[in-house]
Amino acid sequence: MIPVRKSLISTAVCRGIFSILLFLLLWEFGSRSRHWLVLDEFEWLRHLLAMAGWEKKYLPWIGPIPAPSEVLKAWGGVIGDIGYWHSWYKSFSRVIGGFIAAMIIGIPFGLLLAVSRTAFGIGFPVFEVLRPIPPLAWVPASIIFWPTQEMSIVFVTFLGAFYTIVINVVGGARSIDLRYFQAAQSMGSSSWDIFRRIILPGTLPSIAVGSAVGMGITWEVVVAAEMISGGGSQVGGTSGGGLGFFIWNSYVGGSYEQIVVGMISIGIAGFISSELLRTLGKYSTPWLRLR
Amino acid sequence: MSTILQQAAPMATATRGAIRIEDVVKIYDPEGAAVMAVDHCSLDIKAGEICMIVGPSGCGKTTLLNAIAGFHDITSGRILLDGELLCGDEKPKAEPGSDRIVVFQNGALFPWKTNLDNVAFGPIMQGRLKPAEAREKALSMMADAGLSGVESNYPGEISSGMRRRVEIVRALMNEPKVLLLDEPYRALDSLTKSVMHEALLEIYYKNKVTIFFITHDLEEAIFLGHKVAIMTTRPCKPKKILEVDIPHPRDYSVLTSRRFRELIEETNEAVHEEALKAFAAGEKEG
């Protein structure tokens, strides 16, 4: 075989870096439109915009958004602030709490629905009626029936992941080929063996997919729940409220740069959790990384 | 693979695994429209015999296999294994058991287990061997079948021909009386197929078991079988039973022998007739 020389940075990584840099550059340029749009050289552009009904002295949409350089400066300001990191910690612990609860309850529940006709007949209709209710619609009810606000946020987060995990587990377990059951049965497997050695590993890929999707939803839900409920913050200020409340608080306080800091922080946090789950999923289903 | 004849190792002899199919009828009744899949089918298979079941696709051969394996019930008649009732009038469905192991058309190796763990699966499940012992035996069985080097791979990582061989070794690990093969080589190309045929015979000569082999390839049937049962298209029953008088052990030189050609000629018409009938009836593949 001809040895393939591997460059230190692959083409894919280069493209990724290029795409991010290009995005930041366009953003910076657009955000600074209030500075350059007023110059004489851009009179034609102002006319063009005026014809489209835009009279302001900056570009639409992108114009009022703080530039990446300003965001970076604001980030530098909060990065040493314990309150900012406390927001990370708060959101993360809510996501992890809700997510783990969803796994612990969702996986056995899904498996039960998949293996037992009776359980499916009794459990599934109720599940299907509750499923279309968006987790955020649960926020008020959740605040009423959970003793602390913290618990109500975690509960709503749990709901975000729960339905997806259950649906994936049921679907995954049901799509296991009949031949595997027949083969295992012929070779003398008991019902417990079949559950442990066929149904469980056969469902694992779907569990991995379901949890990755579910994790994405928990981040969407936790941020919104924190905004609506005021972040469960007893202390006030930016501390204790989670990243969703951090954004909301920045908005109320008029610090637009910090809004973007909060948004990007959520992006990074979501990326870290998904990547973690992907790695875990790959590790637990080694037979899928073939060839 | 051509070492079979030169070695002249004493062939194992089978004393168990005689199957007797008596007047078996299977009627599927999905939505009131009764479909007869098997019609008063009788067939006698001696212990240690390779019996090839030839028939057009969808003729009901697999129904018969499922009845022996205990995956489906029968409507009437009875099936005996070594004189003991598997299924009959009072007990329409046989219990699946490790004395009758199926090798499926599309393969049923567990994709989440390594090849070695797949092969070691049966004895562990039956509690006959401790996991470590089962693995040791699996290793030596795989080495015997020319499967050294793929033990720690997953089934998805090896060729489909290899997978079939692993699956046959997995079946033999259960020390079955009967091996039920449901068109195992259907998806393989003809070159791989010819290699697989000799490999199967080699494995068979070492571990004599009764083989119930479904195919629609007449050459494959006559090359491998002691007995070839040509089945009618749905409903399925033997149309012609041929005793192949070419002595075992066989290798690929048989394919060019005169007797082989004669036997093909003798049976070709019967097979073709049924194929035409199946075609006219518009049976779907499968």
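Keep in mind that what you see is a predicted model, and the values were worked out from it rather than measured.

1. Overview of the overall build of chain A
Moving on, step 1. Tallying secondary structure elements over chain A gives 12 helices and 0 strands in all.
Moving on, step 2. Relative to its length of 291 residues, chain A is extended, with a C-alpha radius of gyration of 25 Å against a globular reference of 19 Å.
Moving on, step 3. Considering only C-alpha atoms, chain A reaches an extent of 85 × 65 × 45 Å along its principal axes.
Moving on, step 4. Taking the contacts inside chain A whose residues are at least 6 apart along the sequence as the reference set, 71% of them involve residues at least 24 apart.

2. With respect to the pairing of strand E6 (residues 100-103) of chain B
Residues and elements named next belong to chain B.
Moving on, step 1. Of the two faces of E6, both are covered, the one formed by Arg100 and Val102 as well as the one formed by Ile101 and Val103.
Moving on, step 2. Bridge analysis of E6 against strand E7 (residues 178-182) gives 4 bridges, and the strand direction is parallel. Looking at the pairing, Arg100 lines up with Val178 of E7.

3. Some remarks on the packing of helix H10 (residues 191-229) of chain A against helix H12 (residues 256-284) of chain A
Residue and element names in this part refer to chain A.
Moving on, step 1. Orientation of H10 relative to H12, taken along the N-to-C sense of each, is 170°, at an axis distance of 10 Å. As summarised for this structure, H10 and H12 are arranged roughly antiparallel, according to the angle between their axes. Helix-helix and strand crossings are classified by hand; for H10 and H12 the assignment is right-handed. Only Ile266, Ala269, Gly270, Ser273, Ser274, Leu277, Arg278, Gly281 and Ser284 of H12 make contact with H10, whose side of the interface consists of Leu204, Ala208, Ser211, Ala212, Met215, Gly216, Trp219 and Val223.
Moving on, step 2. For the contact of H10 with H12, a count of residues per class yields 9 nonpolar, 7 polar and 1 charged.

4. As for the confidence of the model for chain B
Residue and element names in this part refer to chain B.
Moving on, step 1. Per-chain confidence: chain B averages 84 in pLDDT, with 93% of residues scoring 70 or above.
Moving on, step 2. When the elements of chain B are averaged for pLDDT, helix H1 (residues 3-7) gives the smallest value, 44, and helix H3 (residues 115-125) the largest, 93.
Moving on, step 3. Every residue in residues 1-10 scores below 50 in pLDDT, and together they form 12 contacts with partners more than four places removed in sequence or on other chains.
Moving on, step 4. As scored by the predictor, the complex reaches a pTM of 0.82 and an ipTM of 0.85.

5. Some remarks on the pairing of strand E10 (residues 238-243) of chain B
Moving on, step 1. Bridging between strand E9 (residues 227-231) of chain B and E10 of chain B involves 5 bridges; their strand directions are antiparallel. Residue pairing in the sheet places Ile230 of chain B in a bridge with Lys240 of chain B of E10 of chain B.

Calculation notes
- Residues numbered from 1 in each chain as written.
- Chains lettered and ligands numbered in written order.
- Predicted model: local features only at pLDDT ≥ 70, side-chain atom pairs only at ≥ 80, totals over all residues.
- Helix = DSSP H or I, 4+ residues; strand = E, 2+ residues; numbered from the N terminus.
- Rg over C-alpha atoms; globule rule 2.2 N^0.38 Å.
- Contact = placed C-beta atoms within 7 Å.
- Buried ≥ 20, exposed ≤ 12 C-beta atoms within 10 Å, placed from the backbone.
- Pairing = 2+ DSSP bridges.
- Axes fitted to C-alpha atoms, helices over the stretch in contact; angles between N-to-C directions.
- Parallel < 35°, antiparallel > 145°, perpendicular 65-115°, else oblique.
- Left-handed = near helix turned anticlockwise from the far one by under 90°.
- Nonpolar A, V, L, I, M, F, W, Y, C, P; charged D, E, K, R; others polar.
- pLDDT = per-residue confidence, 0-100.

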